[in-house]
Amino acid sequence: MTKLVKKAIFPVAGQGTRFLPATKAMPKEMLPVVDIPLIQYAVEEARDAGIEEFIFVTGRAKSAIEDHFDYSYELEHLLQEQGKTEILSTVRKVIPEAGRVSYTRQQKPLGLGHAVWCARYHIKNEPFAVLLADDLILAKPGCLKQMMATYDKVGGNLVAVEDVAKEHTDRYGILDVETDDGIIAKARGLVEKPKPADAPSTLSIIGRYILQPEIISYLDRQEKGAGGEIQLTDAIAHSIGRTPLHGQHFDGTRYDCGNQLGFLDANIAFSLERENMRDGVKEILKKYS
Ligand code: G1P
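Residues numbered from 1 in each chain as written. Predicted model: local features only at pLDDT ≥ 70, side-chain atom pairs only at ≥ 80, totals over all residues. Heavy atoms only, no water.

Caption draft 1: Region of interest: the overall build of the chain. A count of helical and extended segments in the chain gives eleven helices and 13 strands. Counting only C-alpha atoms and orienting by the principal axes, one finds that the chain spans roughly 60 × 50 × 40 Å. A sequence separation of at least 24 residues applies to 75% of the contacts in the chain between residues at least 6 apart. Here the chain holds 36 positive side-chain charges and 41 negative ones, and the gap between their average locations is 3 Å. (Helix = DSSP H or I, 4+ residues; strand = E, 2+ residues; numbered from the N terminus. Contact = heavy atoms within 4.5 Å. Lys, Arg positive; Asp, Glu negative; His and termini not counted. Charge placed at Lys NZ, Arg CZ, Asp CG, Glu CD.)

Caption draft 2: Up close: the pattern of salt bridges. Considering all chains together, one arrives at 16 salt bridges under this definition. Between arginine 208 and glutamate 45 there is a salt bridge whose closest N-O contact spans 2.8 Å. Taken as a pair, arginine 208 in strand β11 (residues 203-211) and glutamate 45 in helix α1 (residues 38-48) lie far apart in primary sequence, 163 residues in all. Looking at glutamate 45, the relative accessible area reads 9%, which means it is buried. One network of salt bridges, in which partners are shared, links Asp135, Glu162, Arg254 and Asp256. (Salt bridge = Lys/Arg side-chain N within 4 Å of Asp/Glu carboxyl O. Buried < 20%, exposed > 50% of the residue type's maximum accessible area, 1.4 Å probe, protein only.)

Caption draft 3: Just the packing of helix α10 (residues 260-272) against helix α11 (residues 275-288), in detail. Put simply, α10 and α11 touch, their axes get as near as 8 Å, and they point 135° apart. For the element pair α10 / α11, the angle class is oblique. The segment α10 lies against α11, with Ile268, Ser271 and Leu272 engaging Met277, Arg278, Val281, Lys282 and Leu285. Considering only residue class, the contact of α10 with α11 consists of five nonpolar, one polar and two charged. (Axes fitted to C-alpha atoms, helices over the stretch in contact; angles between N-to-C directions. Parallel < 35°, antiparallel > 145°, perpendicular 65-115°, else oblique. Nonpolar A, V, L, I, M, F, W, Y, C, P; charged D, E, K, R; others polar.)

Caption draft 4: Focus on the pairing of strand β1 (residues 7-11). For β1, the buried fraction is high: five of the five residues fall into the buried class. The alternating pattern of β1 places Lys7, Ile9 and Pro11 on one face and Ala8 and Phe10 on the opposite face, and all of these are buried. When β1 meets strand β4 (residues 53-58), the two strands line up parallel, connected through five bridges. Note on β4: the bridge partner recorded for isoleucine 9 is isoleucine 55. In the sheet, β1 pairs with strand β6 (residues 128-131) via three bridges, with the strands oriented parallel. What sits directly across from isoleucine 9, in β6, is valine 130. (Pairing = 2+ DSSP bridges.)

Caption draft 5: Region of interest: the nonpolar core. Counting 47 residues, the largest nonpolar core has Phe10, Val33, Ile39, Ile51, Phe56, Leu136 and Leu144 as its most contacted members. Ranked by residues supplied to this core, first place goes to α1 with six residues. Once residues lying within four places of it in the same chain are set aside, the contact partners of phenylalanine 56 are Phe10, Val12, Ile39, Val43, Ile65, Phe69, Val101, Ser102, Tyr103 and Thr104. Counting 33 residues, the second largest nonpolar core, distinct from the first, contains Val57, Val130, Leu175 and Ala235. (Core = buried A, V, L, I, M, F, W, Y, C linked by side-chain atoms within 4.5 Å.)

Caption draft 6: Quick peek at the side chain of glutamate 45. Among the polar contacts listed, one links the side chain of glutamate 45 to the side chain of arginine 208, at a separation of 2.8 Å. Once residues lying within four places of it in the same chain are set aside, the contact partners of glutamate 45 are Leu131, Ile137, Gly142, Cys143, Leu144 and Arg208. (Polar contact = N/O pair within 3.5 Å; in protein donor to acceptor, adjacent residues only side chain to side chain.)

Caption draft 7: Layout of the site of the ligand. Lining the immediate environment of the ligand, one finds Leu112, Leu132, Asp135, Tyr172, Gly173, Glu192, Lys193, Ile205, Gly207, Tyr209, Gln231 and Thr233. Between the ligand and glycine 173, the relevant distance is 2.9 Å, taken from an oxygen atom to a main-chain nitrogen or oxygen of the residue. Protein coverage of the free-state accessible area of the ligand, which is 380 Å², stands at 74%. Take the shell around the ligand: its biggest share by element is three residues, from β11. Of the residues in the shell around the ligand, the class split is five nonpolar, four polar and three charged. (Near = heavy atom within 4 Å. Areas by Shrake-Rupley, 256 points an atom, 1.4 Å probe, with all protein chains shown as cover.)

Caption draft 8: Up close: the packing of aromatic side chains. All told, the structure shown has eight aromatic pairs when counted by the stated rule. Considering the side-chain rings of phenylalanine 10 and phenylalanine 54, the 6.3 Å spacing of their centres and the 20° angle between planes classify their relative orientation as stacked. Note that phenylalanine 10 is positioned in strand β1 and phenylalanine 54 in strand β4, a separation of 44 residues in sequence. For the pair shown, phenylalanine 10 and phenylalanine 54 are each scored as buried. Seen from their ring centres, tyrosine 41 and phenylalanine 270 are 5.1 Å apart, and the 70° between their planes marks the pair as edge-to-face. (Phe/Tyr/Trp six-rings, centres within 6.5 Å; stacked < 30°, edge-to-face > 60°.)

Set out below in structure tokens:
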């Protein structure tokens, strides 16, 4: 039987240079899609999937994330006085239970693998999830919850996957596929950001992972990979053979909120999901069609 996944790592130390100047004094993970910051979507997705411990790997100038997941007595008092009880409960329900949230710092930007490694003492010897808030996924049930159901059957390491255009393989971790039934793919290898000509497939990793703690021992080696960074992809690739790797074709739509167009697309899609906004958004879109 597979061990339950109760911990999730949120790597949030990245600089967000693509969103400057907006991200000069604000973490990119706090950019809102409609009125919810990207990081909150990721935390809620994790919570809905049964995650109980939330581990943030932060960096300098990221304290707004810590404040977001904490009480704000002044604000709450004000909302209470104004009788705005609905928004008050919305603001409160974001906050994890005391002691279930922890923060560690990635002191140097050495890559995603390094960020996960920085959380090693919080992981101890348990399987864990990793969620990249830039990859916003519109799905019911949430992507990680779908993965938990698959993980229950296949165990090992599991990543969310999606087919990408051949010319974009150099933006993603790409699976070398052994079998694929269109729902679950079994991988015999994994490469970080291969050139289209070298890519073993077009099946790319989207920022959701369920990983076994052994991954950490590979990360201990601090080996640099693509882009001179310590890559999570390489650690997962190393463990294939001992730990099977599967890719899950999730049911839902992923928005790459790491770039302006993807972020705009997400804002439109998520606002269309809101009943009280839908008609207004359609009206606006008509103006531009
Ligand atoms: C990271 C991973 C990559 C994965 C991608 C998903 O890359 O290294 O394997 O496909 O996230 O968004 P990054 O986007 O941080 O360069």
